[in-house]
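Residue-level structure breakdown
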Amino acid sequence: MRKSLRAAAIAAACAVAGGALYGTGVATAGQSTANSTHEPYNIGLLVKDIDTYYGATLDSNGVYQASKDSQYAKDLSRLESDAKRYIDKAAHKAKHRGEKPAVVFDIDDTLLLSLDYEKKTNYTYNSGTWAAYVAQADRPAVFGTPELVAYAKSKGVEVFYNSGLKESQRVDAVTNLKKVGADINLDAAHMFLKDAANPPAYLSACATAAAWNCTTVQYKSGTRKHIESLGYDIVANFGDQYSDLDGGYADKTFKLPNPTYFVS
């Protein structure tokens, strides 16, 4: 379930206000909750902190963009440098052992930035406005991540995508990813989206055509388990939410920064 800033992002604000807590490591590292017996962080100050973190500014087309000089960009740059070094070593080891290495990327706010949507909806999620936004297929890239996709491919690592977007949004997602340069393995065999009407057999424990009851962790970890059942070793899993990363079936996880919403 996706929660609005008002409902769930107070914990993330502490990371923004106190300095970046994002990076590589165990998916649950640094995770906190919004439950507190103390007065919560002020919502107005929180929005200002988020704007400062992204360096959020309106461009000439009236679209909110993150600044390349922002702390957000700097945090991403460090993470991506670490990820490239890791992928290089992991690919070398896998080839030496005769294994098939793979990487898995989430899409929303891992490859495609939704800052403009969050700002213009006042950080309040609505399925209708979100669907219309995705259909525009014009989100900017998250700094450096399309290049990271290309880097993995150049090292002989198979690229997969594991997204919470709906199957009905596949064409829009592919179009948008191509626009930002992540034009690698965008076929149905490599891009996994939620198909509630016809869920795959490997998710049968929590999803049937009659009812989709998978949590985000069940859906995403179940998909990674399926990828590994095809003979791949997922050496790295990238996502902006802890629920993108929890549940195993990846040798290493990389948590990208996102203080604007929380997906449980």
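Residues numbered from 1 in each chain as written. Predicted model: local features only at pLDDT ≥ 70, side-chain atom pairs only at ≥ 80, totals over all residues. Heavy atoms only, no water.

Here we come to the packing of aromatic side chains. Per the counting criterion, the structure on display carries 13 aromatic pairs. Plain terms: the ring middles of Phe105 and Phe238 are 4.6 Å apart, the flat faces sit at 5° to each other, and that makes the pair stacked. Linking Phe105 in strand 5 (residues 100–105) with Phe238 in strand 8 (residues 232–239), this pair joins segments that are 133 residues apart in sequence. An angle of 40° between the planes, with centres 5.8 Å apart, marks the rings of Trp130 and Tyr133 as tilted. Of this pair, Trp130 and Tyr133 both sit in helix 6 (residues 127–135), three residues apart, roughly one helical turn. Classification of Trp130 as buried rests on a relative accessible area of 6%. (Phe/Tyr/Trp six-rings, centres within 6.5 Å; stacked < 30°, edge-to-face > 60°. Helix = DSSP H or I, 4+ residues; strand = E, 2+ residues; numbered from the N terminus. Buried < 20%, exposed > 50% of the residue type's maximum accessible area, 1.4 Å probe, protein only.)

Attention now goes to the environment of Glu147. Tracing the backbone through its elements, the reader meets Glu147 in helix 7 (residues 145–154). Classification of Glu147 as partly exposed rests on a relative accessible area of 47%.

Sheet topology places strand 6 (residues 158–166) next to strand 7 (residues 191–194); three bridges connect them, and they run parallel. Note on strand 7: the bridge partner recorded for Lys166 is Lys194. Where the polypeptide runs from strand 6 across helix 8 (residues 170–179) and back to strand 7, its parallel neighbour, the crossover connection is right-handed. (Pairing = 2+ DSSP bridges. Right-handed = clockwise from strand over helix to strand, strands pointing away.)

Averaged over every residue, the pLDDT of the protein is 90; the share at 70 or more is 87%. Long-range and interchain partners of residues 6–30, a stretch whose pLDDT sits below 50, account for 54 contacts in this model, where long-range means more than four residues apart. (pLDDT = per-residue confidence, 0-100. Contact = heavy atoms within 4.5 Å.)

Turning next to unusual backbone geometry. Of note in the backbone geometry, Asp109 takes a positive phi value of approximately 65° without being a glycine. Checked against the element boundaries, Asp109 lands in the loop between strand 5 and helix 5 (115–120). Residue Tyr249 is not a glycine yet carries a positive backbone phi of 65°. Structurally, Tyr249 can be placed in the loop between helix 10 (242–245) and strand 9 (253–255).

Right, let's talk about the nonpolar core for a bit. One finds Tyr54, Val103, Phe105, Ile107, Tyr161 and Phe238 to be the most contacted residues of the largest nonpolar core, which totals 47 residues. Counting residues per element, this core draws most heavily on helix 4 (residues 71–97), which supplies seven residues. In contact with Phe105, other than residues within four places in its own chain, are Thr110, Leu111, Leu148, Val149, Val159, Phe160, Tyr161, Asn162 and Phe238. Of all hydrophobic cores here, the second largest spans twelve residues; its members include Ala102, Phe160, Leu203 and Ile227. (Core = buried A, V, L, I, M, F, W, Y, C linked by side-chain atoms within 4.5 Å.)

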